Amino acid sequence: MNTTTTSIPKGNPGAPVGIIVALDTEYNQLYQILEDSREERHGAFNFLVGRVGDKQIILTRCGIGKVNAACGATELIRSYQPAAVISTGVAGGIDTALRVMDVVVSQQVVYHDVWCGEGNYGQVQGMPDRFSGDEALLHVARTVAEGSEAFHFGLICSGDKFITDRAELSAIKTAFPEGLAVDMESGAIAQTCHLHGVPFLSFRIISDTPGVESHWSQYENFWETVAQNSFSNIHKFIKSLT
């Protein structure tokens, strides 16, 4: 791992960085940091093309879930050949160390809703058992995180379900004890990037902690009161991609 620079991966010099979010609320927190932006459409998706400093950024909103995420990532890669793809937005925290507004960065991503036979829980046959975050992007995130207790690096568990039930949450945590967060898109985007050979990282803000009695209130309160401040860490990360 490169420990002397915060550069993005070098496989496609000069190429833009792609950023994928699922929700309008997430998109609205990010589009405002892009300068000289314009909207383009490819296939079923709109893309906002702009820049942050000297770096070109392609921002798209894919919609919720694995199919939307995979289709959006595929169109982004096909249309713009990005140097790297970042999946960002919110996630549910499933570890007691996490608090609302903390950030989870994907050292690895696994599916919590895939089972392809004995010994293959979380793994699509023919794919890695877990999708690893790109080391150069992880180094950028670690640089941004230096001195902050809000950042956590580890496993994101991804699947096509908004988790609210404590029993379901416990089952995921039992299967993946090191799991830090759950979301609905990171696994599909990671798999798409793996298939296309594009560096990937998921950078997720904790909006709620599934399984607690006040879970839905946490989620609603996040968007009503703390979203603007919590997305500042994503802004810092994007601005650090040089």
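This structure is a prediction, so every number in the text was calculated from the model and none was measured.

What counts and what doesn't
Residues numbered from 1 in each chain as written. Predicted model: local features only at pLDDT ≥ 70, side-chain atom pairs only at ≥ 80, totals over all residues. Heavy atoms only, no water. Buried < 20%, exposed > 50% of the residue type's maximum accessible area, 1.4 Å probe, protein only. Helix = DSSP H or I, 4+ residues; strand = E, 2+ residues; numbered from the N terminus. Pairing = 2+ DSSP bridges. Phe/Tyr/Trp six-rings, centres within 6.5 Å; stacked < 30°, edge-to-face > 60°. Lys NZ or Arg CZ within 6 Å of the ring centre and 35° of its normal.

Participant: Please clarify how the pairing of strand S3 (residues 45–52) should be interpreted in this entry.
Facilitator: Regular strands show a simple pattern: their side chains alternate between the two faces of the sheet. When you tally the buried positions in S3, you get six out of eight residues, the bulk of the element. Pairing of strand S2 (residues 35–42) with S3 involves six bridges; the strand directions are antiparallel. Opposite Glu 35, over in S3, you have Arg 51 as the bridge partner. If you look at the hairpin formed by S2 and S3, you'll find two residues sitting between the two strands, and Gly 43 has a positive phi there, around 60 degrees. Looking at chain direction, S3 and strand S4 (residues 55–61) are connected through six bridges and run antiparallel. Each residue of the ladder has a partner; that of Phe 47, found in S4, is Thr 60. In this structure, the hairpin formed by S3 and S4 is closed by a connection of two residues, where Gly 53 is found at a positive phi of approximately 65 degrees.

Participant: Sorry if this is basic, but what is going on with the packing of aromatic side chains here?
Facilitator: The geometry of an aromatic ring pair comes down to the distance between the two centres and the angle between the two planes. Within the structure shown, the criterion is met by six aromatic pairs. For the ring pair Tyr 27 and Tyr 31, a centre distance of 5.9 Å and an interplane angle of 15 degrees mean the geometry is stacked. Here the aromatic rings of Tyr 121 and Phe 176 are separated by 5.3 Å at their centres, their planes lie at 25 degrees, and the arrangement is stacked. Taken together, the positions of Tyr 121 in the loop between strand S6 (103–111) and strand S7 (131–132) and Phe 176 in the loop between helix H4 (166–175) and strand S9 (179–183) put the pair 55 residues apart, joining distant regions of the chain. Exposure remark for Phe 176: the relative accessible area of 4% places this residue in the buried category. Through a chain of ring-to-ring contacts, three or more aromatic side chains come together here, namely Phe 151, Phe 203 and Phe 237. Directly above the ring of Tyr 27 sits Arg 61, whose terminal nitrogen or CZ lies 4.3 Å from the centroid.

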